[in-house]
Amino acid sequence: MHMTSPFATPAAPFGRVLTAMVTPFTPDGALDLDAAAKVAKKLVDAGSDGLVVSGTTGESPTTNPDEDGRLLAAVLSAVGDRATVVAGVGNNDTQASARLARQAKAEGAHGTLLVSPYYNKPPQAGLLRHFLTVADAGDGLPVMLYDIPGRAVVRIAPETYHAVAQHEAIVAVKDAVGDLASGSTLMRDTGLAWYSGDDALNLAWLAHGAAGVVSVVSHVAAAQYAAMVRAIDAGELGEARAINEALLDVVATIMSPESQGAIMAKAALQVRGVLEHRTVRSPYVDATDDQVDRLREVLDTAALLKD
């Protein structure tokens, strides 16, 4: 397997701090590629060494494959020479996911993010076949599995992890299960690179040996999370804890149940002057003025209103 990402290493095949990037829309809900390129550049300038496009925070259930391809191409053109660009290819239809993986390969993505099929509730044998089929379709592109039973209902079982770890292209996991003990054991036993998929647990996962984070809050705190990674690497747990504590209210506000991440992440970018509009597609709803006022207060307290 050839790792084409600028930040790929065996221990961290997708980099260390990846932002699960929002997908900008115009006020009427159309894809805004100019805004996407601007956001991508800002995120990389701020400290993200990777971006995930067309993931959950990118509202992928409401975008079509043509939009996914155009968004990926725009982000690659903007920052592909200085950041890992990962294409979300997850779907609850295996063949649809495989087509997205082939598209990601053709567009030049550095890797793919493959979430467990949602709603179908497949058995573990179905999960395994889904993951292997889509990984094969990517023709060597590194794959990060995404384990998030809160959205997908099913959880990837240990035996499935051990099986997929034998596939050359499946190299990492984005963990949003919240089970540090199980994840630590799987990290040790499978050799897969582990990434925190839950901003509230970023410090805990890094302390347990995770390769990095795939973050929503890094839309406003990429530099802080990069500093947290460096602190953990240097054994400076006190410094890492201080960074985490300073971000607690920001994480709680952006990742609130009313936000699902994407809603308030867009609002935060608007507050910081990066996005002109905070438009989301239905069934999401735009952040209210009251929510934005509260977000502005929290960002100001954390000294995150500006870069």
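The rules behind each value
- Residues numbered from 1 in each chain as written.
- Predicted model: local features only at pLDDT ≥ 70, side-chain atom pairs only at ≥ 80, totals over all residues.
- Heavy atoms only, no water.
- UniProt positions renumbered as here; feature names shortened; annotations may be inferred.
- Helix = DSSP H or I, 4+ residues; strand = E, 2+ residues; numbered from the N terminus.
- Rg over C-alpha atoms; globule rule 2.2 N^0.38 Å.
- Contact = heavy atoms within 4.5 Å.
- Lys, Arg positive; Asp, Glu negative; His and termini not counted.
- Charge placed at Lys NZ, Arg CZ, Asp CG, Glu CD.
- Buried < 20%, exposed > 50% of the residue type's maximum accessible area, 1.4 Å probe, protein only.
- Pairing = 2+ DSSP bridges.
- Right-handed = clockwise from strand over helix to strand, strands pointing away.
- Phe/Tyr/Trp six-rings, centres within 6.5 Å; stacked < 30°, edge-to-face > 60°.
- Axes fitted to C-alpha atoms, helices over the stretch in contact; angles between N-to-C directions.
- Salt bridge = Lys/Arg side-chain N within 4 Å of Asp/Glu carboxyl O.

Under an unreviewed UniProt entry, the name given to the protein is 4-hydroxy-tetrahydrodipicolinate synthase, and the organism recorded is Mumia flava. Under the UniProt heading Subunit (unreviewed entry), the note attached to the protein is "Homotetramer; dimer of dimers." Its UniProt record gives the protein a comment under Function (unreviewed entry), which states: "Catalyzes the condensation of (S)-aspartate-beta-semialdehyde [(S)-ASA] and pyruvate to 4-hydroxy-tetrahydrodipicolinate (HTPA)."

Draft legend 1. Spatial organisation of the overall build of the protein. In terms of helices and strands, the protein carries twelve helices and eight strands. Taking 307 residues into account, the globule formula puts the C-alpha radius of gyration at 19 Å, and the protein, at 18 Å, falls close to it. Expressed along its principal axes, the backbone C-alpha trace of the protein runs to roughly 45 × 45 × 35 Å. Once local pairs closer than 6 in sequence are excluded, the contacts in the protein between residues at least 24 apart make up 71%. Side-chain charges in the protein split into 24 positive and 36 negative, and the spacing between the mean points of these groups amounts to 1 Å.

Draft legend 2. Quick look at the pairing of strand E3 (residues 84-88). Of all the five residues making up E3, five are buried; the element is thus mostly covered by neighbouring parts of the structure. Residues Thr84, Val86 and Gly88 of E3 are buried on one face, and the alternating residues Val85 and Ala87, pointing to the opposite face, are buried as well. Note that strand E2 (residues 50-53) and E3 share four bridges and pair parallel. If you follow valine 52 over to E3, its bridge partner there is valine 86. What joins E2 to E3 is helix H2 (residues 65-79), and the crossover it makes is right-handed. Sheet topology places E3 next to strand E4 (residues 111-115); three bridges connect them, and they run parallel. Residue pairing across strands places alanine 87 opposite threonine 112, the latter belonging to E4. Between the parallel pair E3 and E4, the chain is carried across by helix H3 (residues 94-107), and the sense of this crossover is right-handed.

Draft legend 3. A look at the packing of aromatic side chains. A full pass over the atoms with the stated rule returns two aromatic pairs. Aromatic pair phenylalanine 14 and tyrosine 195: ring centres 6.3 Å apart, planes at 80 degrees, arrangement edge-to-face. Residue phenylalanine 14 is found in the segment before strand E1 (17-20), and its partner tyrosine 195 is found in strand E7 (residues 193-196); the two are separated by 181 residues along the sequence. In this structure phenylalanine 14 comes out as buried when scored by relative accessible area, which is 0%.

Draft legend 4. Region of the structure containing the environment of alanine 37. Along the chain, the position of alanine 37 falls in helix H1 (residues 33-46). Alanine 37 sits 172 residues away from glycine 209 along the chain, and the two C-alpha atoms are 32 Å apart.

Draft legend 5. Highlighting the sheet that holds E2. On the basis of which strands lie adjacent, the closed barrel formed by eight strands has the order E1-E2-E3-E4-E5-E6-E7-E8 and parallel pairing. The mean angle between the axes of side-by-side strands here comes to 25 degrees, regardless of whether they run parallel or antiparallel. Here E1 pairs with E2 via three bridges, running parallel. Directly across from leucine 18, in E2, lies its bridge partner glycine 50. Against the sheet, helix H9 (residues 218-233) touches E1 and strand E8 (212-215), its axis set at about 160 degrees to E1.

Draft legend 6. Expanded view of the pattern of salt bridges. What the rule picks out here adds up to ten salt bridges. Linking arginine 70 and aspartate 66 is a salt bridge whose minimum nitrogen-to-oxygen distance equals 3.1 Å. Here the residue arginine 70 and the residue aspartate 66 both occupy positions in helix H2, the gap between them amounting to four residues, near one helical turn. By relative accessible area, arginine 70 is classed as partly exposed at 37%.

Draft legend 7. Looking closely at helix H11 (residues 262-271). In terms of burial, H11 is a largely internal element, nine of the ten residues being buried. When we look at burial in H11, the residues that qualify are Ala262, Ile263, Met264, Ala265, Lys266, Ala267, Ala268, Leu269 and Val271. Here the buried face of H11 lies against H1, H9, helix H10 (237-254) and helix H12 (289-301). Looking one or two residues beyond H11, the residue adopting positive phi is glycine 273, at roughly 80 degrees.

Draft legend 8. Broad picture of the environment of methionine 187. Note that methionine 187 resides in helix H7 (residues 180-190). Taking relative accessible area as the criterion, methionine 187 reaches 13% and is therefore assigned buried. Along the backbone, methionine 187 and arginine 272 are 85 residues apart, and their C-alpha atoms lie at a distance of 37 Å. Ignoring any residue separated from it by four or fewer positions in sequence, one finds methionine 187 in contact with Leu192, Trp194, Trp205, His208, Gly209 and Ala210.

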